[in-house]
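Coordinate inspection notes
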Amino acid sequence: MFNNFNKEQRGQTALETAIILIAFVVVASVFAFTILSAGTASTERGEQAIAAGLEGVQSSMQVKGSILAEGATNEVTNVRFSLQLVAGGEPVNMNDANRVVVIDYRDNTQILTGLNWTATWIVDVDGAAGTADADDLLEEGELVEITVPLAAANLGPNTEFTLEVKPPTGAVLTFARTTPPAIEAVNEF
């Protein structure tokens, strides 16, 4: 009779061990699911932060060609430059009536913000269809000439100055130049 009692005890111990093992597996799988879910959410937030950071750092436009200055009576009156979209950049609204692109000027003695500027389309085509655009968006394959009046800056000879072109998204396009010793009707930087 003692042997029968012992055999039943061994079976009961094995059953208890199996139940405890199953409980550990269930608890471990719940923790693993929680950790994996948190990791996935964290990865998604990280990807969003990287995309937002790249959008803020990458410039959406670049200067194409020379920067020209028009002068009169030994002062710069206008600065002209052409802009194009960088490869893969998002379109930029270049409407000069409702300006979303801001252009600022600074030199050693002054800062002029929100300058008025005008846009003249040099190449304004829809790349897919090859037809003229009806919008004011600077898109891939298009080229716009920007004219910034600087008569108010009293920009004379041998003066270092900086222009900043600030699109609504993307990095600020900055270029610093020095005016020549003698300002002509047309000057190239």
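Since this is a predicted model, take the numbers as computed values, not measurements.

Further remarks concern the overall build of the protein. For the protein, the helix and strand inventory stands at 1 helix and 13 strands. Ordered by position from the N terminus, the helices and strands of the protein form the series α-β-β-β-β-β-β-β-β-β-β-β-β-β. Expressed as a percentage of the 189 residues in the protein, the buried residues total 28%.

Turning our attention to the sheet that holds strand β6 (residues 118–123). Note: strands within a sheet are paired through backbone hydrogen bonds, in either parallel or antiparallel orientation. If you trace the 5 strands from one edge of the open sheet to the other, you get β6-β10-β2-β1-β13, paired in antiparallel fashion. Bordering the open sheet on either side are β6 and β13 (186–188), each of which pairs with just one other strand. Averaged over all adjacent pairs, the angle separating strand axes in this sheet is 25 degrees, with direction ignored.

The subject of this paragraph is the nonpolar core. Counting residues in each nonpolar core, the largest one holds 29 residues, and the members touching the most others are Phe 81, Leu 83, Met 94, Ile 146 and Val 165. Residue contributions to this core peak at 5 residues, all from strand β2 (residues 75–85). In this structure Met 94 touches Met 61, Leu 83, Val 101, Trp 117, Ala 119, Trp 121, Asp 136, Leu 138, Val 144 and Ile 146, once residues within four positions along its chain are discounted.

So, about the confidence of the model for the protein. This prediction gives the protein a mean pLDDT of 83; 83% of its residues lie at or above 70. Per-element mean pLDDT across the protein ranges from 52 in strand β8 (residues 131–132) up to 95 in strand β4 (residues 102–107).

The rules behind each value
Residues numbered from 1 in each chain as written. Predicted model: local features only at pLDDT ≥ 70, side-chain atom pairs only at ≥ 80, totals over all residues. Heavy atoms only, no water. Helix = DSSP H or I, 4+ residues; strand = E, 2+ residues; numbered from the N terminus. Buried < 20%, exposed > 50% of the residue type's maximum accessible area, 1.4 Å probe, protein only. Pairing = 2+ DSSP bridges. Axes fitted to C-alpha atoms, helices over the stretch in contact; angles between N-to-C directions. Core = buried A, V, L, I, M, F, W, Y, C linked by side-chain atoms within 4.5 Å. Contact = heavy atoms within 4.5 Å. pLDDT = per-residue confidence, 0-100.

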